[in-house]
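Results of the structural survey
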Amino acid sequence: MDGKADLHIHTTFSDGAYSPRDVLQLAGRAGLTTISITDHDHVGAIDEAIAIGRDCGIHVIPGVELSASVGDVDIHILGYFLDHHNERLLEYLSHLRAERFKRAERIVGKLHNLNIPLPFNAVLEQAGDGSIGRPHIAHALVEHGLTQSYYEAFLKYIGTGKPAYEKKFQVSPREAIALISGTGGLSFIAHPANMVDDTLLWGLIDAGVDGIEVVHPAHSVERVNYYRGIASEHFLLMSGGSDFHGGKKNGTEVLGMYSIPESQVAMMRRRLR
Ligand code: AMP
Ligand code: FE
Ligand code: FE
Ligand code: ZN
């Protein structure tokens, strides 16, 4: 029987609610046979996840989710099968996280200028040891009663172009792809329906991605079929998953609800050889 793989999962090492151990437990319950942990700019969960996965019979593929930008568009790129001990990669990721930290400070500064007195410590508490992102700021705002909801935080303050918005450290898609392939990994355009129009999509294919994340909660059935078609046409690999954050985003993500068959993971492995 073909198993099920969920290749887009976040943990407490970025903006997910669950530790690697909890994620593996949930994955087991959901009947997943392979998962990939894809924290934003962090590979800290992977060794532990692989070890726990070995004990409970779940295959863990090393992964990461990088952000790249083209103009004002934020493009997410997933890396799989990379060497997560590679020194250059670790150095680069820790640089990206340092930049995220400074950006969070700038955002909180802008909030203060808008008379929103969010203590920076509240953001740090949300982030723990993980890489800091806007989701942590949104949750801190809600916790301190400064916005009604997580979404309102983006809508009013920290969403793209809003008054407390700050750009992330700018990385081009080519740089992100090169970083992943330089450590033996495969790169995938993450959830293209979110922010990538067709022109951008062709550009990313041109830039050398290995595949497209076809299955994602933000993708309608039509979108899934559309990206499948494009992947076949360009001999690209297909990935998918739940983009699981443990209900931290909207409470509706369920591990195991969005997956791809193991046969597609096998195609990735074949491409690696
Ligand atoms: P960051 O990497 O710090 O820029 O944060 C990006 C993350 O914030 C995305 O992956 C989304 O989870 C979340 N996000 C961005 N824009 C919005 C929005 N308008 N509403 C809700 N969540 C958002
Ligand atoms: Fe996230
Ligand atoms: Fe993403
Ligand atoms: Zn994600």
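Quick notes on the rules
- Residues numbered from 1 in each chain as written.
- Chains lettered and ligands numbered in written order.
- Predicted model: local features only at pLDDT ≥ 70, side-chain atom pairs only at ≥ 80, totals over all residues.
- Heavy atoms only, no water.
- Domains from an automatic or database assignment.
- Contact = heavy atoms within 4.5 Å.
- Buried area = accessible area lost by both parts, 1.4 Å probe.
- Axes fitted to C-alpha atoms, helices over the stretch in contact; angles between N-to-C directions.
- Helix = DSSP H or I, 4+ residues; strand = E, 2+ residues; numbered from the N terminus.
- Left-handed = near helix turned anticlockwise from the far one by under 90°.
- Nonpolar A, V, L, I, M, F, W, Y, C, P; charged D, E, K, R; others polar.
- Pairing = 2+ DSSP bridges.
- Core = buried A, V, L, I, M, F, W, Y, C linked by side-chain atoms within 4.5 Å.
- Buried < 20%, exposed > 50% of the residue type's maximum accessible area, 1.4 Å probe, protein only.
- Donors = N, O, S within 2.8 Å, 3.2 Å for Na, K, Ca; no water.
- Tetrahedral: all angles 85-135°; square planar, octahedral: opposite > 155°, others 65-115°.
- Arc of directions from axis to C-beta.
- Expected span 1.5 Å × (residues − 1).

So, the domain arrangement of the protein
The domains assigned to the protein are domain 1 (4-85 + 173-272) and domain 2 (93-158). In this structure, domain 1 and domain 2 have C-alpha centres spaced 25 Å apart. Of the residues lining the interface, 15 residues belong to domain 1; the matching set on domain 2 comes to 15 residues. Of the roughly 1100 Å² buried between domain 1 and domain 2 on both sides combined, carbon and sulfur atoms contribute 48%.

Comments concerning the packing of helix α9 (residues 198-207) against helix α10 (residues 221-233)
Where α9 contacts α10, the two axes come as close as 12 Å, and the packing angle between them is 35 degrees. Viewed along their axes, α9 and α10 form a crossing whose handedness is right-handed. The residues of α10 that touch α9, namely those facing Asp-198, Leu-201, Trp-202 and Ile-205, are Tyr-226, Tyr-227 and Ile-230. Taken together, the residues of the contact of α9 with α10 sort by class into six nonpolar, no polar and one charged.

Regarding the sheet that holds strand β1 (residues 4-9)
Taken in spatial order, the eight strands line up as β7-β6-β5-β4-β3-β2-β1-β8 in an open sheet, and their pairing is mixed. Of all strands in the sheet, those with a lone pairing partner are β7 (237-240) and β8 (260-261), marking the two edges. Examined bridge by bridge, strand β4 (residues 73-80) and strand β5 (residues 186-189) share four bridges and lie antiparallel to one another. Looking at the pairing, Tyr-80 lines up with Leu-186 of β5.

Notes on the nonpolar core
Soluble globular proteins tend to pack their nonpolar side chains together in the buried interior. Ranked by size, the top nonpolar core spans 46 residues in total, and within it Leu-7, Leu-66, Tyr-80 and Met-268 carry the most contacts. Broken down by element, this core gets its largest block of residues, five residues, from α9. Dropping the residues within four chain positions of it, Met-268 is found in contact with Leu-7, Tyr-80, Phe-81, Leu-186, Phe-188, Leu-237, Met-238, Ser-239 and Ile-260. Residues Ala-104, Leu-118, Ala-122 and Ile-137 belong to the second largest nonpolar core, which totals 21 residues.

Some details on the coordination of the iron ion (ligand 3)
Looking at the iron ion (ligand 3), the protein donor atoms are Glu-65 (OE), His-76 (ND1) and His-191 (NE2), and they sit 2.0 to 2.3 Å from it. If you list the donors of the iron ion (ligand 3) from N- to C-terminus, the spacing comes out as E-x10-H-x114-H. Separating the iron ion (ligand 3) from the iron ion (ligand 2) is a distance of 5.5 Å. One end of the pair, Glu-65, is in strand β3 (residues 59-70); the other, His-76, is in strand β4, and eleven residues separate them in sequence.

Examining the coordination of the zinc ion (ligand 4)
Metal coordination angles in their ideal form are 109.5 degrees for the four-donor tetrahedron and 90 or 180 degrees for the six-donor octahedron. Those donors, His-8 (NE2), His-10 (NE2), Glu-65 (OE) and Asp-243 (OD), are the protein atoms that reach the zinc ion (ligand 4), and they lie 2.1 to 2.4 Å from it. The site at the zinc ion (ligand 4) holds four donor atoms, and with the angles between them running 78 to 170 degrees, its shape is irregular. We note that the donor set of the zinc ion (ligand 4) lies within a single chain, spaced as H-x1-H-x54-E-x177-D. If you look at the zinc ion (ligand 4) and the iron ion (ligand 2), they sit 4.3 Å from each other. With His-8 in strand β1 and Asp-243 in the loop between β7 and β8, this pair connects stretches of sequence that are 235 residues apart. Each member of the pair His-8 and Asp-243 is classed as buried.

Observations regarding helix α2 (residues 46-56)
Every buried residue belonging to α2 is among Ile-46, Ala-49, Ile-52 and Gly-53, and all of these are buried. Each buried residue of α2 lies within a common arc of 130 degrees when the element is viewed along its axis, so the set occupies one face. Seen from the buried face of α2, the exposed residues on the opposite side, beyond 90 degrees, are Arg-54 and Asp-55. Here the buried face of α2 lies against α1 (20-29), β2 (34-37) and β3. After α2 finishes, the residue Gly-57 shows a positive phi value of roughly 75 degrees.

Brief notes about α10
Between the first and last C-alpha of α10 there are 18 Å, a value that for 13 residues agrees with the 18 Å anticipated at 1.5 Å per step. Every buried residue of α10 is listed here: Val-224, Tyr-227, Ile-230 and Ala-231. Here the buried residues of α10 occupy an arc of 130 degrees about the axis, which is enough to place them on one side. Exposed residues pointing more than 90 degrees away from the buried face of α10 are listed as Val-221, Glu-222 and Glu-233. The secondary structure elements touched by the buried residues of α10 are α8 (192-195), α9, β6 (211-215) and β7. Taken from the residues just after α10, Phe-235 is the one with a positive phi, measuring 55 degrees.

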